Amino acid sequence: GQWVQALQLFREMADSRVERSTYAYNGVVCACGKCKQWVQALRLFREMAESRVERDTITYNAAVSACEKGLQWTQALQLFREMADSR
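Here is what the cut-offs are and how they apply
- Residues numbered from 1 in each chain as written.
- Predicted model: local features only at pLDDT ≥ 70, side-chain atom pairs only at ≥ 80, totals over all residues.
- Heavy atoms only, no water.
- Axes fitted to C-alpha atoms, helices over the stretch in contact; angles between N-to-C directions.
- Helix = DSSP H or I, 4+ residues; strand = E, 2+ residues; numbered from the N terminus.
- Parallel < 35°, antiparallel > 145°, perpendicular 65-115°, else oblique.
- Left-handed = near helix turned anticlockwise from the far one by under 90°.
- Contact = heavy atoms within 4.5 Å.
- Nonpolar A, V, L, I, M, F, W, Y, C, P; charged D, E, K, R; others polar.
- Core = buried A, V, L, I, M, F, W, Y, C linked by side-chain atoms within 4.5 Å.
- Buried < 20%, exposed > 50% of the residue type's maximum accessible area, 1.4 Å probe, protein only.

Engineer: Lay out the packing of helix H3 (residues 38–50) against helix H5 (residues 73–86) with the relevant residues and their values.
Structural biologist: Where H3 meets H5, the closest approach of the two axes is 13 Å, and the angle between their N-to-C directions is 20°. One element, H3, and the other, H5, form an angle in the roughly parallel class. Two packed elements cross with a definite hand, and for H3 against H5 that hand is left-handed. Contact with H3, carried on its side by Trp38, Leu42, Phe45 and Arg46, involves Gln75, Gln78, Leu79 and Glu82 of H5 and no other residues of that element. When the residues that make up the contact of H3 with H5 are grouped by side-chain class, the tally is 4 nonpolar, 2 polar and 2 charged.

Given below as structure tokens:
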């Protein structure tokens with residue numbers, strides 16, 4: 001699917017030493033979410049924190065949406081709490 005292509009391009013950015021910004025992460029998290037790849041979306045979401053890339057409202061929204069599409073309500077609620085605590 002398209003999420004695989006988005007993820008591959010995203011990984012190639014790192015290999016080419018291209019900065020992976022909040023916008024780049026948001027795009028790939030969103031692509032994963034649209035294809036119900038909630039596990040991968042959350043992996044990328046957590047990777048942002050580890051890489052010290054700022055997570056914005058769009059990031060949280062994309063991650064919550066991915067959880068919703070994957071019927072992961074507990075994860076979605078946890079992300080809402082996390083977002084509220086980070087503000």
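What follows continues from the structure just given.
Engineer: Give me the lowdown on the nonpolar core, citing residues and values where you can.
Structural biologist: By size, the foremost hydrophobic cluster in this structure holds 13 residues, and its most contacted members are Tyr25 and Leu44. Going through the elements one at a time, helix H1 (2–15), helix H2 (22–34), H3 and helix H4 (57–69) are the ones with two or more residues in this core. If one sorts the elements of this core by residue count, H2 sits on top with 4 residues. Excluding its chain neighbours within four sequence positions, the residues that come into contact with Leu44 are Leu7, Phe10, Arg11, Tyr25, Val28, Val29 and Cys32. Grouped together as the second largest cluster of nonpolar side chains are 9 residues, Val64, Cys67, Ala76 and Met83 included.

Just distances and angles here, no functional claims.
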